[in-house]
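Reading the structure
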Amino acid sequence: MAILGSVSRSSSRVAINALRLSGQYRVKYPRVFASSLHNISPFTSSIQQRMLTLDPKRTDMASSQNTEEQYTTAFALFEALWEAGITTCFVNVGSDHPSVLEAIAKGKRERPHQWPTMITCPSEITAISMADGYARISGRPQAVIVHVDVGTQALGQGIHNASIGRVPVFIFAGLCPYTESGELLGSRTEYMHWLQEAPDQKTIVRQYCRYTGEIRTGLNVKQTVGRAIQFAGSSPKGPVYIVAAREVLAQEIEPYSLKQEHWVPIGPAALPTDAVQQIGAALAQAERPLIITGYSGRDRRTPELLVALADLIPGIRVHDTGGSDVCFPSSHPASEGFRLSHDKCTEDADTIFLLDCDVPWIPSKNPPHESTKIFHVDSDPLNQQMPVSFFPAHGRWKADSFTALSQLVDHIKNDGVLSETLRSTIYTRRGVSRAEAYKARMADIAARPQLSDDMALDAHNIGYLLKESLPASTTFVIEAVTASQALHDQLQPSRPGSWINCGGTGIGWSNGAALGVKMALDDKTQKREFEGSPSMVCQIVGDGSFMCAAPSSAIWVAMKYKIPILTIVLNNGGWKAPRNSAMLVYPNGISAKASDDEINISFRPTPNYAALAEAAAGSGGDDENMAENPEGEWMEGVRTRTVKGFREAIRVAKSRVINQRKGMVLEVLM
């Protein structure tokens, strides 16, 4: 089948090229190049072809052209991205990108203020994670440029994170040239062009993408880009992947534009009237109602509406299972906090409303009672990309969370019977009881941090000190894995957008995502869309996650483009999550008693992450690096293991990151 697929693709391309050469397409090729085709026969030997190539009378085709005057498919590709609202491209280029490089340079020179900003990323995982983080703030996809099959594979866990985390990202990759003897501009010229051609390159990422496509002619390059961006921006949002071969990217076309108003994503869907009435009545009349959410806070307007709904129904509880965004303020008495589906609140609920939630509970651990009424509203209520997902519900609706909550709040407010019911003394007493339970939970959380100067650091006192010390405008980008829930308890995020977690499970996401978040926040500040001072970004990452995704690449990018963040590496000497997973299956097994080294989860002796950060940023280096940073080294790495040391490090970090706009990595030895 792979051979047939290759033959089919080759045949279609030959047909397209025949049309181009016949003049039926408005495609310009240099005369010198076209004339050379008459001298190459399909039966010409490879030696003869090389002799033609080396003929001094036949100079290299690219060198004979004035590329400054060309309007190529590659140039139209970047123009299409800009016209569609994509302002940044995170790039990792290769041998499939000659026309891309020409287009990038041409755009920078000719239209610097109407051209995407290009961010060089030494690692593809840095590129896609930065685009992911940027989109978490802006809500708009940004672009990632990688090369052929190897660059696509190097996106690795980043493509999983964007897909599961519902993040719009536009990915473009080149294809190996499909001609090998100089038939077209862009034909194969290097050894690797025979090695990097996968039978179907798009298959590498298709199962994670909302759309995959190929630009087969420059005549519809902008339509292909527009269609991909429509998919990326339509709920459930996610990554899209487009490819094109070198010959197509080099094709000259006439400039054109699309009417962007014709290429908008699918609009938000509403609940049908009977669903609004059914869910509203069930929540209002329940004795122990519970709302479980996971992604609804991605729309920054939604937490306020969820608060309005909770205020209408005294005693209701709201449980966050995803931790992906601030879906509900921790400061509200209805909050049950954040747990990764492991919470007892599901067991006594008689009515549950699932809102943008993938995994509401663990069926083998804390399922609701069989008599519980369950209603599910989501942009993807069937979890179509998850083969096994059997969570029951009495009703499911594919709807936008903000729109659905608006409908529910309006309905309950304006329904006389429900309003009268909710004003009864039973509900008043229930609200008081809920407030007391919340107060007791907060007191328990407050008692956990140990704060004497010589106390060793853990997630509780770290979270407490960060909440106490950093500005209220701080945005936390969290990838602390086993420490995430304790950090959430102490940080108690309440401002929409102030806590951003991956939502997926590909570790190392935050190394690039935190930089993308900071870029987007700064962009919003410049447009006066962000109130107050520019937000400080604090990345909190476990050592296992930090090591897993090219940390030196991310730190170098931060230094080169002056993206100041505070990174806190929680160094507990390895991976703790695998041991926890084993304990859930084999609580009395061999692994439960084995050492970290025995089960291969130890990183001891540990790297010096603080020193690694300084080295990656060029700090403490030669005179050339000092010339790049005349005001002093851009990155500072610090190690600490006590509360006193952490307090002092945070004091320095505030001045360094906020005032001096320089980077800092704080390694916590746990």
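So, here's what we can say about the structure. Because the structure is predicted, anything quoted here is derived from the model rather than measured. (Residues numbered from 1 in each chain as written. Predicted model: local features only at pLDDT ≥ 70, side-chain atom pairs only at ≥ 80, totals over all residues. Heavy atoms only, no water.)

**Examining the side chain of N92**
One can find N92 in the loop between strand 1 (88-91) and helix 5 (98-110). Polar side-chain contacts of N92 include one of 3.2 Å to the backbone oxygen of P122. The residues contacting N92, other than those within four sequence positions of it, are H97, C121, P122, S123, E124, I145, V146 and H147. (Helix = DSSP H or I, 4+ residues; strand = E, 2+ residues; numbered from the N terminus. Polar contact = N/O pair within 3.5 Å; in protein donor to acceptor, adjacent residues only side chain to side chain. Contact = heavy atoms within 4.5 Å.)

**As for the pairing of strand 10 (residues 351-355)**
Counting buried positions along strand 10 yields five of five residues, so the element is predominantly enclosed. Taking every second residue as pointing to the same face, both faces of strand 10 are buried, with T351, F353 and L355 on one and I352 and L354 on the other. As judged from the five bridges shared by strand 7 (residues 289-293) and strand 10, these two strands associate in the parallel manner. Bridge pairing links I291 to F353 in strand 10. Pairing geometry for strand 10 and strand 11 (residues 373-378), over five bridges, is parallel. Bridge pairing in strand 11 links I352 to I374. (Buried < 20%, exposed > 50% of the residue type's maximum accessible area, 1.4 Å probe, protein only. Pairing = 2+ DSSP bridges.)

**Thoughts on helix 6 (residues 124-138)**
Between the first and last C-alpha of helix 6 there are 21 Å, a value that for 15 residues agrees with the 21 Å anticipated at 1.5 Å per step. Among the 15 residues of helix 6, 14 are classified as buried, and the element is accordingly described as predominantly covered. G139 sits one or two positions beyond helix 6 and adopts a positive phi of about 80°. (Expected span 1.5 Å × (residues − 1).)

**Considerations on the pattern of salt bridges**
In the structure shown here, the tally under the stated rule is 31 salt bridges. The partner of E287 in a salt bridge is R288, and the shortest N-O contact between them spans 3.6 Å. Notably, a salt bridge pairs R656 with E636, separated by 3.5 Å at the nearest N-O pair. Here R656 is found in helix 26 (residues 643-659), whereas its partner E636 is found in strand 17 (residues 635-640), with 20 residues between them in sequence. Since its relative accessible area comes to 27%, E636 is described here as partly exposed. In the salt-bridge network here, residues are joined through shared partners; they are E79, E83, R111 and K222. (Salt bridge = Lys/Arg side-chain N within 4 Å of Asp/Glu carboxyl O.)

**Digging into the packing of aromatic side chains**
Following the criterion strictly, the structure yields nine aromatic pairs and no others. Note on F375 and W397: the rings are 6.5 Å apart at their centroids and 25° apart in plane angle, and the pair reads as stacked. Placement of F375 in strand 11 and of W397 in strand 12 (residues 395-398) is noted, with a sequence separation of 22 residues between them. You can call F375 buried: its relative accessible area is 3%. Here W397 falls in the buried class, since its relative accessible area comes to 16%. Connected via pairs of aromatic rings, a cluster forms that spans Y71, F75, F78 and W115. Just above the ring of F402 sits the side chain of R301; from NZ or CZ to the centre is 3.6 Å. (Phe/Tyr/Trp six-rings, centres within 6.5 Å; stacked < 30°, edge-to-face > 60°. Lys NZ or Arg CZ within 6 Å of the ring centre and 35° of its normal.)

**Overview of helix 4 (residues 73-83)**
The buried count for helix 4 comes to nine of 11 residues, which makes it a mostly enclosed element. Among the residues of helix 4, T73, A74, F75, A76, L77, F78, E79, A80 and L81 are the ones counted as buried.

**As for a nonpolar patch on the surface**
On the surface, Y191, W194 and L195 cluster together into a nonpolar patch covering about 410 Å² of accessible area. Mapping L195 onto the fold places it in the loop between strand 4 (169-175) and helix 9 (203-206). (Patch = residues over 30% accessible without salt bridge, like charges linked within 9 Å, V, L, I, M, F, W, Y side chains within 5 Å. Areas by Shrake-Rupley, 256 points an atom, 1.4 Å probe, with all protein chains shown as cover.)

**Let's talk about the sheet that holds strand 11**
Ordered by their spatial adjacency, six strands build an open sheet running 9-8-7-10-11-12, and the pairing between neighbours is parallel. Each having just a single partner strand, strand 9 (335-338) and strand 12 make up the two edges of the open sheet. Neighbour to neighbour, the strand axes of the sheet diverge by 15° on average, direction disregarded. Judged from the two bridges that link them, strand 8 (residues 317-320) and strand 9 form a sheet pairing that is parallel. Bridged to V318 within strand 9 is S335. (Axes fitted to C-alpha atoms, helices over the stretch in contact; angles between N-to-C directions.)

**A closer look at the sheet that holds strand 15 (residues 537-542)**
Either a parallel or an antiparallel arrangement is found when strands of a sheet pair, and the pairing is made through backbone hydrogen bonds. Strand order in the open sheet formed by six strands is 14-13-15-16-18-17, with parallel pairing between adjacent strands. The open sheet has two edge strands with one neighbour each: strand 14 (499-501) and strand 17. Averaged over all neighbouring strand pairs, the angle between strand axes comes to 20°, with direction disregarded. Note: strand 13 (residues 475-479) against strand 15, five bridges, orientation parallel. Of the residues in strand 15, the one forming a bridge with I478 is I540. Contacts between helix 18 (residues 484-491) and the sheet are confined to strand 13, strand 14, strand 15 and strand 16 (566-571), with strand 14 contributing the most and set at about 170° to the helix. Strands in contact with helix 24 (residues 609-616) are strand 16, strand 17 and strand 18 (663-669); relative to strand 17, the strand with the most contacts, it is inclined by about 175°.

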